[in-house]
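A look at the structure
One letter stands for each residue in the lines below.
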Amino acid sequence: MNKQSLLSIGDSCNCLALRSAARTVARRYDEALRPVGLNNGQFSMLVAVSAMQSASIQALGDRLGMDRTTVTAALKPLQRRSLVVLDVAEGDLRGRSVSMTREGTTLLRRAVPLWQEAQKRIAELVGGDESAMAIRHKLAAIH
């Protein structure tokens, strides 16, 4: 393989393009959420916990596409900030359920407008709301 053919692989690699775009988009959301002290992963976790009311670690992982260990690790900083609380799951002494605290709900309310602005800017970069929605649908079809 020569240098040109290797460069061609890099230029046409879907995985590389998606990963690079994902890192860039994640950085933009992180920057937008910085004023409330959240990153995009923490914001997504708070949104999921809030939407699910009280959720098991497994259900939360299923919703976010994460395994239990990753969910548990991601919740720790949110717990330390008293944004979420873990309790013994009803009917399963070994299981844990996650719910929002008042502080978490308040912070999420402050974060949503910041997220909305980032969402709008990313949509503009990809050609508008319809293009952004089409991209999300195509990406969702992958998994």
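You'll find the structure just up there.
A short tour of the structure in this document, coming up. The structure presented is a predicted model; accordingly, all values stated were derived computationally and were not measured.

With that settled, consider the nonpolar core. Leu38, Leu46, Leu60, Leu75, Leu78 and Val84 are the most contacted members of the largest nonpolar core, which totals 20 residues. Secondary structure elements with two or more residues in this core: helix 3 (40-52), helix 4 (57-64), helix 5 (68-80), strand 3 (92-100) and helix 6 (102-125). Here this core takes five residues from helix 3, the largest share from any one element. Residues contacting Leu60, with those up to four places away along its chain left out, are Met45, Ala48, Val49, Met52, Val71, Leu75 and Val98.

A surface patch of like charges, here negative, comprises Glu117, Glu124, Asp129 and Glu130. Those elements giving two or more residues to the negative patch turn out to be helix 6 and helix 7 (129-142). Within the fold, Asp129 resides in helix 7. A relative accessible area of 62% places Asp129 in the exposed class.

If you check helix 6, its first and last C-alpha atoms are 35 Å apart, about what 24 residues at 1.5 Å a residue would give, namely 34 Å. Considering bend angle alone, the principal kink of helix 6 is centred on Ala111 and spans about 30°; proline Pro113 follows within four residues of it. Regarding helix 6, the residues found buried are Gly104, Leu107, Leu108, Ala111, Ala118, Ile122 and Ala123. The first or second residue beyond helix 6 is Gly127, which carries a positive phi of 110°.

Next up on the list: the state of the cysteines. With the rule as written, the count across this model stands at zero disulfides. Free cysteine: Cys13, not disulfide-bonded; nearest cysteine sulfur from Cys15 at 5.2 Å. Residue classification places Cys15 among the partly exposed positions, given a relative accessible area of 46%.

This paragraph deals with the side chain of Thr101. Along the polypeptide, Thr101 turns up in the loop between strand 3 and helix 6. Under the relative-accessibility criterion, Thr101 is labelled buried at 15%. Among the polar contacts listed, one links the side chain of Thr101 to the side chain of Glu103, at a separation of 3.3 Å. A distance of 3.0 Å separates the side chain of Thr101 from the backbone nitrogen of Gly104, its partner in a polar contact. Once you skip the residues sitting within four places of it in the chain, Thr101 turns out to touch Ser82, Leu83, Val84 and Val85.

Thresholds applied
- Here the residue numbers are simple positions, counted from 1 along each chain's written sequence.
- Only residues with pLDDT of at least 70 get local features here, since the model is predicted, and only at 80 or more are side-chain atom pairs given and counted; chain-wide, interface and lining totals rely on the full set of residues.
- To get the side-chain values, all heavy atoms of the structure are used, and hydrogens and water are removed first.
- Nine residue types can take part in a nonpolar core, namely buried Ala, Val, Leu, Ile, Met, Phe, Trp, Tyr and Cys, and a core is a set of them joined through side-chain atoms within 4.5 Å.
- Relative accessibility under 20% of the residue-type maximum defines a buried residue, over 50% an exposed one, and the middle range a partly exposed one, all with a 1.4 Å probe and only protein chains included.
- To qualify as a helix, a DSSP run of H or I must reach at least 4 residues; to qualify as a strand, a run of E must reach at least 2; elements of each kind are numbered from the N terminus.
- Here, residues are in contact when the closest pair of their heavy atoms is within 4.5 Å.
- For patch building, the residue pool is restricted to those with more than 30% relative accessible area and no salt bridge; the joining distance is 9 Å between like charges and 5 Å between nonpolar side chains (Val, Leu, Ile, Met, Phe, Trp, Tyr).
- Here the open area of atoms and residues is found with the Shrake-Rupley method and a 1.4 Å probe, where only the protein chains shown may cover a residue.
- By convention in these notes, a salt bridge is any Lys or Arg side-chain nitrogen within 4 Å of a carboxyl oxygen on Asp or Glu.
- We count Lys and Arg on the positive side and Asp and Glu on the negative side, and we leave His and both chain ends out.
- Just so you know, the charge point we use is NZ for Lys, CZ for Arg, CG for Asp and CD for Glu.
- For a helix, the expected span equals 1.5 Å multiplied by the residue count minus one.
- The angle between axes fitted to the seven residues ending at a residue and the seven residues starting there is what we call the bend at that residue.
- Disulfides are defined as cysteine sulfur pairs within 2.5 Å.
- Whenever a nitrogen or oxygen atom comes within 3.5 Å of another N or O atom, the pair is scored as a polar contact, on the condition that within protein one atom can donate a hydrogen and the other can accept it, and that pairs from neighbouring residues in sequence are kept only if both atoms are in side chains.

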